[in-house]
Amino acid sequence: MSVQWDVGSIPRKRAQVTPEKTAVIYEGEPVSYLRLNQRVNRCAHLFLEKGMVKGDRVAVILLNCIEFLEAYFAAAKLGLIFVPLNWRLAPPELQYQLKDSGARMLLFHDSFVGPVESIRGSIEVDPDKFLFVKSGGPTLPGFPPPACPDWAEDYEGLVSDRPSNEPQPPLPVELDDPLAILYTSGVTGKPKGAVLSHQQTFFKNFQISLYMGARPDDVLIAQVPLFHSAGLFIVSTPALAGGMTLVMRRGFDPNEFALDIERYRGTIIFALTTMWRMILETGRLDQIDLSAVRCVVGGGERTPPSLFEELAKRGLYMQQGFGQTENSAMTLLPREDIFRKMGSVGKPGFFTDLWIAGPDGSRLPPGQIGEIMARGPTVMSGYWNLPEVTARTLVNGTLRTGDLGYMDEEGYLYVVDRVKDMYRSGGENVYPAEVEKILAGHPKVSNVAIIGVPDDKWGEVGMAFIVPAAGQTLTEEEVFDYLKGKVARFKHPKHIRFVPELPLTATMKVKKEELRTWIRATPESPTS
């Protein structure tokens, strides 16, 4: 029997239990749980009046803001499917995801009037469902923010006089109904829409709260984008479900991030590896009081040991984990094991089973590399409008992650690389992430990515794309010298390209498919 319950119950129940407690501090402005729920309800009434019905998709192109959370929880209360889009995407990319999802409504910030206007005639959003949201961001003197265009309606003007009582959806919302479509980063091709249900989201809340030992008096500091699974499903939803106070800003600023830790006495801190590097470069962590911090979560792929060490010197012990859009927060490394199990992403969470499978699907023993497989109530429902891809990815309820890794004798997971990123050189498997992690520890390297390229002698060899650190020059000889003795010779990249930047996703993952496309399109690409 299906259970009638939804993620929109989070602000509703919090408004009953802790109405006056601060739910969110946004750009210094506190918002109580009662006020948040009232705003969510006004938004939900607007959606109903606009004719939105259960199963309709409502998309947003928004910076981090309270309105983002309002639309998310309002959609959840009504059984609408929420589609957060990456505002960094180019108009054709936004167009693809809007058309693929079939969104009938679109909320967008004033900053994105231009991109939306350029594609509005080629998407399926209803003409009366373009909602303009003021960002309140800083502007240059003499350059006011764009006004609401005549083809859209002002969101604030519409919601401000709507009722604040609980909406009554025409159709019941059940736990296994779809809550959101989150598009994958498109690292290896066209983005796919991962469908996440209300039930999966609640189990993620439970799992993440157990990871962090979360308490209602916690103050969580994070500046990851809400359009990404980390921002919405690892940070915001669990924080609000747990009655914490979430400190949120429009975007990431390393100085403000560090100052917020002291300013708001942050107890739980979430930041990705690249963010931590930028925070450390400011020097602010050596100037502020960090004594309230008890849990640091984040990191990511290719996090060098030196970063853990630099944070530990300041009493910040970063626990890194492993997850995907399809199944976020699968593992987390316990604090006491950070240095004992350096390189590991931890053990599976309370609601996740993981194992390593060989090419024939059999379970591999500890130490052997294979594909990471996952099962549990946090796994996605499938891909939107892609039944064949879903069938290949979800097999009898098991998620084939497409990531390679191994588990040690104690059950700790080590991620080696993406299946599609591995290449074979002279009959040997080479995992670029292993070499990238080493090179990321070089003081003159800001970022690095390695791909396999054709080679007449060895079949494939590595090509490294290296972004030198600011103000630094780097030579090929220095790179090869740094690798000597740290990794087998056949794993060394044969070719090195120094580049000013790498194509990145919103969570700082390198779009390696773009590098491969560039190599294929370059006449002088190495083939021997």
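To be clear, the structure that these remarks concern was listed above.
Residues take numbers from 1 onward in each chain, read along the sequence in its written order. Given that this is a predicted model, residues contribute local features only at a pLDDT of at least 70 and side-chain atom pairs are listed and counted only at 80 or more, while totals for whole chains, interfaces and linings are drawn from all residues. Heavy atoms throughout the structure, all of them, feed into the side-chain values; hydrogens and water do not.

Visitor: Quick question: what am I supposed to make of the pattern of salt bridges here?
Guide: Between side chains of opposite charge, pairing is possible as soon as their charged atoms come close. A carboxyl oxygen of Asp or Glu within 4 Å of a side-chain nitrogen of Lys or Arg is what we treat as a salt bridge. Scanning all chains against the criterion turns up 38 salt bridges. When the shortest N-O distance is used, the salt bridge between R39 and E156 registers 2.9 Å. Of the two residues, R39 is situated in helix α2 (residues 33–49) and E156 in helix α6 (residues 155–159); the sequence distance between them amounts to 117 residues. The class of R39 is buried, set by a relative accessible area of 17%. Accessibility expressed as a relative area gives 33% for E156, which makes it partly exposed. Residue D217 is joined to R215 by a salt bridge in which the shortest nitrogen-to-oxygen separation is 3.2 Å. Burial classes follow relative accessibility: with a 1.4 Å probe on protein chains only, a residue under 20% of its type's maximum area counts as buried, one over 50% as exposed, and anything between as partly exposed. Assessed through its relative accessible area of 54%, D217 is described here as exposed. For R215, a relative accessible area of 39% gives the class partly exposed. Here the salt bridges do not stand alone but share partners, grouping E27, R249, R250, E256, D260 and R263 into one network. Helix numbering and strand numbering both begin at the N terminus, where a helix is a DSSP run of H or I of at least 4 residues and a strand a DSSP run of E of at least 2.

Visitor: Looking at this model, I keep getting lost on the nonpolar core. Mind explaining?
Guide: What tends to happen in soluble globular proteins is that the nonpolar side chains get buried as a cluster. Among the nonpolar cores identified, the biggest contains 112 residues, and F47, F82, L107, W276 and L285 are the most heavily contacted of them. Looking at which element gives the most residues to this core, the answer is helix α3 (residues 66–78), with 10 residues. Contact criterion: two residues are considered in contact whenever any of their non-hydrogen atoms come within 4.5 Å of each other. Beyond its immediate stretch of four places on either side in the chain, W276 contacts F257, I269, A271, L285, V296, L307, L311, L316 and M318. Grouping buried Ala, Val, Leu, Ile, Met, Phe, Trp, Tyr and Cys residues that are joined through side-chain atoms within 4.5 Å yields what is termed a nonpolar core. Residues L63, I81, L106 and F112 belong to the second largest nonpolar core, which totals 26 residues.

Visitor: Looking at this model, I keep getting lost on the pairing of strand β15 (residues 327–332). Mind explaining?
Guide: Along any regular strand the residues' side chains alternate between the sheet's two faces. β15 sits mainly inside the fold: six of its six residues count as buried. By the convention used here, strands pair only if DSSP detects at least 2 bridges between them. Bridge analysis of strand β14 (residues 318–324) against β15 gives three bridges, and the strand direction is antiparallel. By the bridge assignment for β15, F322 is matched with T331. Hairpin remark: β14 followed by β15, antiparallel, with two residues in the connecting loop. Bridge count between β15 and strand β16 (residues 347–348): two bridges; the pairing is antiparallel. Across the sheet, the residue bridging to T331 is P348, located in β16.

Visitor: Just to check I follow, could you spell out the sheet that holds strand β10 (residues 219–222) for this structure?
Guide: Sheet strands line up and pair through hydrogen bonds in the backbone, either parallel or antiparallel. Spatial strand order, β2-β1-β11-β10-β12-β13-β14-β15-β16: nine strands in an open sheet with mixed pairing. Only two strands of the sheet have a single neighbouring strand rather than two, namely β2 (29–32) and β16. Contacts from α2 reach β1 (22–26) and β2, with the element oriented near 75 degrees to β2. The convention used is that axes are lines fitted to C-alpha atoms, helices contributing only their stretch in contact, and that angles between N-to-C directions extend from 0 to 180 degrees.

Visitor: Teacher, can you tell me more about empty space enclosed by the protein here?
Guide: Rolled over the atoms, a probe sized like a water molecule indicates the empty space that remains. A pocket, in this scheme, is an open set of points on a 1 Å grid over the protein atoms alone with protein on both sides within 12 Å along at least 5 of 7 lines, while a cavity is a set where a 1.4 Å probe fits but cannot get out; residues line either one if an atom lies within 4 Å of a point. Grid points are joined across faces, edges and corners, and a volume is the space filled by probe spheres set on the points. By the definition in use, this model includes two cavities of 30 Å³ or more. For the largest cavity, the calculated volume is near 40 Å³. Looking at the largest cavity, the residues that line it are N64, A222, Q223, V224, L226, G231, V235, S236, L246 and M248. Of all elements in the fold, only α8 (229–241) and β11 (245–248) reach the threshold of two or more residues within the lining of the largest cavity. Looking at the lining of the largest cavity element by element, the count peaks at three residues for α8. Residues are sorted three ways: Asp, Glu, Lys and Arg are charged, Ala, Val, Leu, Ile, Met, Phe, Trp, Tyr, Cys and Pro are nonpolar, and all the rest, Gly among them, are polar. The class makeup of the residues in the lining of the largest cavity is six nonpolar, four polar and no charged. In this structure, the second largest cavity encloses a volume near 30 Å³. What lines the second largest cavity is simply V293, R294, C295, V296, G315, L316, Y317 and R335.

Visitor: Help me understand the sheet that holds strand β26 (residues 459–468) in this model?
Guide: In space, the three strands of this open sheet follow the order β25-β26-β27, with mixed pairing throughout. Either end of the sheet is taken by a strand with one partner, and the two such strands are β25 (445–455) and β27 (495–498). Going from strand to strand, the sheet's axes swing by 20 degrees on average, the running direction of each strand aside. As paired strands, β25 and β26 are joined by 10 bridges and run antiparallel to one another.

Visitor: Just checking my understanding: could you explain the pairing of β11 for this structure?
Guide: Here β11 shows a buried face lined by T245 and V247 and a second buried face lined by L246 and M248. Judged from the three bridges that link them, β1 and β11 form a sheet pairing that is parallel. Residue I25 lies in a different strand from β11, and its bridge partner there is V247. Direction of pairing for β10 relative to β11: parallel, over a ladder of three bridges. What sits directly across from V219, in β11, is T245. Crossover connection from β10 via α8 to parallel β11: handedness right-handed. Looking down the strands as they point away from the viewer, one classifies a crossover as right-handed if the path from the first strand across the helix to the second runs clockwise.

Visitor: Can you walk me through the side chain of R249 in this structure?
Guide: Tracing the chain through its elements places R249 in the loop between β11 and α9 (254–263). With sequence-adjacent residues up to four places away left out, R249 is seen in contact with Y26, E27, G28, N64, Q223, E256, D260, R263 and Y264.

Visitor: I would appreciate a short explanation of unusual backbone geometry in the present structure.
Guide: Glycine aside, a negative phi is what most residues show, and trans is what most peptide bonds show. Phi at A329 takes a positive value of approximately 55 degrees, unusual for a residue other than glycine. Within the secondary structure, A329 sits in strand β15. For N396, which is not glycine, the phi torsion reads 55 degrees and is therefore positive. In this fold, N396 is placed in the loop between β20 (394–395) and β21 (398–407). We classify N396 as exposed; its relative accessible area is 73%.

Any functional reading would require information that these geometric values do not contain.
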